[in-house]
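These are the residues of each chain, in order.
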Amino acid sequence: MTAVETRVRLSHAERFGAEGKTYSAPARVNLIGEHTDYTGGLVMPMAIGFRTVASISPRGDGQAVFYSANYKEFRKFDIASLGKAPAGGWVDYAAGVLWSLKQDGISPGGFDMSIEGDVPLGAGLSSSASVEVAVAMAILSRAGVNLPLEKVATLCRRAENEYVGAKSGIMDQFIVAGGVEHRAMMLDCRSLNFDLLPLPAEVRVVIANSMVKHAVATGEYGNRRDEVEAGQAVLRRERPGVELLRDAAVADLEACRDKMSAESFARCRHIITENARVLAAREALLSGDMEQFGDLMIAAHASMRDDFAASCAEVDVLVEIANRQQGCFGARITGGGFGGCTVNVVKTESVEKFVEQVKHEYEHAVGIKADCFVSSPSDGALALAAKGGAA
Ligand code: GLA
């Protein structure tokens, strides 16, 4: 059991006077396949070691009490009358999950819940999906309902889309719920079929936080999505057999170039070429060709920057520095974009030097201290047994 898990369990019992049932869910990093999920495309994320922990115990008055140890705040809701009323802030992710479960007729008895996590916020590592899935697991246990992880993910996505108001795809909730230790996941966001792929022992995944905050709920993410959907609608109208961008080739897009805005054209080109890169990345992983995998990451970054216009100056510098280091196969922006983290695939033997050098050069270039984490693929959502270990 990690330090956070132990702390949440003990502090929950002190705060609410009852031993809780405890669940945890990880953060994630996306290796390749960015902004493809909401048009039924391909992504390749992995769950990582940061986690959110939620401990739950029953209370008798039909109320849901959430305590966030990160924000040191209590929030209370009447479960029977809970409607869609986002307040802004951390509690929307928890109340949103409760609301989403209720839409499916899952209404738990009253409960007290303690929530604490060590996922860096606003870094593009999916702190929101991590909270949602941990909270969902806890509430489902209180309701006595067992759902497949895929269903947990879609309920959490609905909380984020409809309650919180962030128009995100399914990638984050899916990998956070269903990640597997030592494996990256290639997920088909249309069928929700997935492949679990081993990462060779010769490489490590280094996450570098540019410390430029991004926010999915506001602004640019939604704008990009609108531009993409406008382009997709043109393709659907003009090209038989194209339902989602996933079905289109660059030639289809070219044929419709003068029927859409230059922005929609470029955003759609990113997505169509990115889907092809994910497939090629899968082949590269299966054949252990990390040079090829790295080249695909580098191309993916250029496409996110130039066609999708979802990078920023600091992140571009961080990627450029990383790509110059010995032992780095490839680096790219990861997650929603507009700041946040980069993901870097680095030779295991070069990792220490890589981290030192990237931090040093980034600070020298932009005057910001980057945080670096060396990650390996972790398990998705887990129930924690009462005396430690996974249940
Ligand atoms: C955010 C969203 C995801 C996905 C990524 C971009 O993380 O939550 O659904 O769209 O951005 O790949």
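Caption draft 1: Summary view of the site of the ligand. Looking at the ligand, the residues that line it are Arg28, Glu34, His35, Asp37, Tyr38, Ser168, Gly169, Met171, Asp172, Tyr221, Gly335 and Gly336. For the ligand, an oxygen atom lies 2.8 Å from a polar atom in the backbone of Gly169. When the free accessible area of the ligand is taken as 310 Å², the share hidden by the protein chains comes to 97%. Across the shell around the ligand, the residue classes tally to 3 nonpolar, 5 polar and 4 charged.

Caption draft 2: Layout of the pattern of salt bridges. On inspection of all chains with the given rule, the structure shows 28 salt bridges. The salt bridge partner of Arg224 is Glu227, with a shortest N-O separation of 3.6 Å. One end of the pair, Arg224, and the other, Glu227, are both in helix α6 (residues 220-238), 3 residues apart, so they sit about a helical turn from each other. Glu227 sits in the buried class, given a relative accessible area of 19%. Notably, a salt bridge pairs Glu229 with Arg225, separated by 3.0 Å at the nearest N-O pair.

Caption draft 3: Region of interest: the packing of aromatic side chains. In the structure shown here, the tally under the stated rule is 9 aromatic pairs. Relative to Phe373, the ring of Phe50 lies with its centre 4.8 Å away and its plane at 85°, an arrangement referred to as edge-to-face. Note that Phe50 is positioned in strand β2 (residues 42-58) and Phe373 in strand β11 (residues 371-375), a separation of 323 residues in sequence. Taken individually, Phe50 and Phe373 each receive the classification buried, so the pair is uniform in this respect. Measuring from centroid to centroid gives 5.7 Å for Phe174 and Phe194, while their planes differ by 65°, and the two rings are edge-to-face.

Caption draft 4: Inspection of the packing of helix α10 (residues 313-324) against helix α11 (residues 351-366) at higher detail. Here α10 crosses α11 at 140°, and the two axes come no closer than 10 Å. Classed by the angle they form, the pair α10 and α11 counts as oblique. Considering the relative orientation of α10 and α11, their crossing is right-handed. On α11, the residues that touch Glu314, Val317, Leu318, Ile321, Ala322 and Arg324 of α10 are Phe354, Val358, Glu361, Tyr362, Ala365 and Val366.

Caption draft 5: Up close: helix α3 (residues 127-143). If you check α3, its first and last C-alpha atoms are 24 Å apart, about what 17 residues at 1.5 Å a residue would give, namely 24 Å. Burial within α3 is extensive, with 14 of its 17 residues counted as buried. Taken from the residues just after α3, Gly144 is the one with a positive phi, measuring 70°.

Caption draft 6: How the structure looks around the sheet that holds strand β8 (residues 203-209). Spatially, the 4 strands line up as an open sheet ordered β9-β10-β8-β11, and their pairing is antiparallel. Because the sheet does not close on itself, it has two edges, and the strands there are β9 (328-333) and β11. Across the sheet, the mean angle separating the axes of adjacent strands is 20° when strand polarity is ignored. Direction of pairing for β8 relative to strand β10 (residues 341-347): antiparallel, over a ladder of 7 bridges. Looking across to β10, one finds that Ala208 is bridged to Thr342. Those strands touched by helix α9 (residues 290-306) are β8, β9 and β10, and its axis lies near 25° from that of β9.

Caption draft 7: A look at a negative patch on the surface. Negative charge collects at one region of the surface, where Glu202, Asp289, Glu291, Asp295 and Glu349 lie side by side. Here Glu202 lies in the loop between β7 (194-198) and β8.

Caption draft 8: Fine view of the pairing of strand β6 (residues 183-188). For β6, a buried count of 5 out of 6 residues is recorded, marking the element as mostly surrounded by other parts of the structure. Note that β2 and β6 share 2 bridges and pair antiparallel. Bridge assignment links Val43 to a residue of β6, and that residue is Leu187. Between β6 and the antiparallel strand that follows it, β7, lie 5 residues; Leu192 among them carries a positive phi value of about 60°.

Caption draft 9: Broad picture of the state of the cysteines. Taken as a whole, this structure holds 0 disulfides when the rule is applied. No disulfide involves Cys268; its nearest neighbouring cysteine sulfur is the one of Cys256, lying 9.6 Å away. Of the residues examined, Cys268 reaches a relative accessible area of 0% and is grouped as buried.

Caption draft 10: Representation of unusual backbone geometry in the model. One non-glycine residue, Ser126, lies in positive phi territory at about 70°. Mapped onto the fold, Ser126 is located in the loop between β5 (111-117) and α3. Residue Met211 is not a glycine yet carries a positive backbone phi of 70°. Looking at where Met211 falls in the secondary structure, it is placed in the loop between β8 and α6. The partly exposed category is assigned to Met211, whose relative accessible area is 41%.

Conventions used here
- All residue numbers here refer to positions counted from 1 along the written sequence of the relevant chain.
- Local features in a predicted model are, by the rule used here, given only for residues with pLDDT of at least 70; side-chain atom pairs are given and counted only at 80 or more, and totals for whole chains, interfaces and linings are based on all residues.
- The basis for every side-chain value is the complete set of heavy atoms in the structure, and neither hydrogens nor water enter the calculation.
- For this purpose, a residue is taken to be near a molecule or strand whenever a single non-hydrogen atom of the residue falls within 4 Å of it.
- Under the rule applied, a polar contact is a pair of N or O atoms within 3.5 Å (in protein, one hydrogen donor and one hydrogen acceptor; residues adjacent in sequence only if both atoms are side-chain atoms).
- A 1.4 Å probe and the Shrake-Rupley method give the accessible areas. Residues count as covered only by the protein chains that appear here.
- Residues are sorted three ways: Asp, Glu, Lys and Arg are charged, Ala, Val, Leu, Ile, Met, Phe, Trp, Tyr, Cys and Pro are nonpolar, and all the rest, Gly among them, are polar.
- Any carboxyl oxygen of Asp or Glu within 4 Å of a side-chain nitrogen of Lys or Arg constitutes a salt bridge here.
- Secondary structure is summarised from DSSP: a helix means a run of H or I of at least four residues, a strand means a run of E of at least two, and numbering begins at the N terminus for each.
- To sort residues, take the accessible area from a 1.4 Å probe on protein chains only and compare it with the maximum for the residue type: under 20% means buried, over 50% means exposed, and anything in between is partly exposed.
- Paired rings are identified among Phe, Tyr and Trp, the last through its six-membered ring, by centres lying within 6.5 Å, and are further divided according to the angle between planes into stacked (under 30 degrees), edge-to-face (over 60) and tilted (the rest).
- Simply put, an axis is a line fit to the C-alpha atoms, just over the touching stretch for a helix, and the angle between two N-to-C directions goes from 0 to 180 degrees.
- In this scheme, roughly parallel covers angles under 35 degrees and roughly antiparallel covers those over 145, while 65 to 115 is roughly perpendicular and the rest are oblique.
- Crossings are sorted by hand: turned counterclockwise from the far helix by less than a right angle, the near helix makes the crossing left-handed, and turned clockwise it makes it right-handed.
- Contact definition: two residues touch when any of their heavy atoms are within 4.5 Å.
- Expected helix span is given by 1.5 Å per residue-to-residue step, counting one fewer step than there are residues.
- Strands pair, by our definition, only if DSSP identifies at least two bridges between them.
- Patch membership is restricted to residues that have no salt bridge and whose relative accessible area is over 30%. Joining uses 9 Å for like charges and 5 Å for the nonpolar side chains Val, Leu, Ile, Met, Phe, Trp and Tyr.
- Positive charges come from Lys and Arg alone, negative charges from Asp and Glu alone, with His and the N- and C-terminal ends not counted.
- A single reference atom marks each charge: NZ on Lys, CZ on Arg, CG on Asp, CD on Glu.
- By disulfide we mean two sulfur atoms from cysteines, separated by a distance within 2.5 Å.

In short, the description is geometric, and any link to function would need to be established separately.
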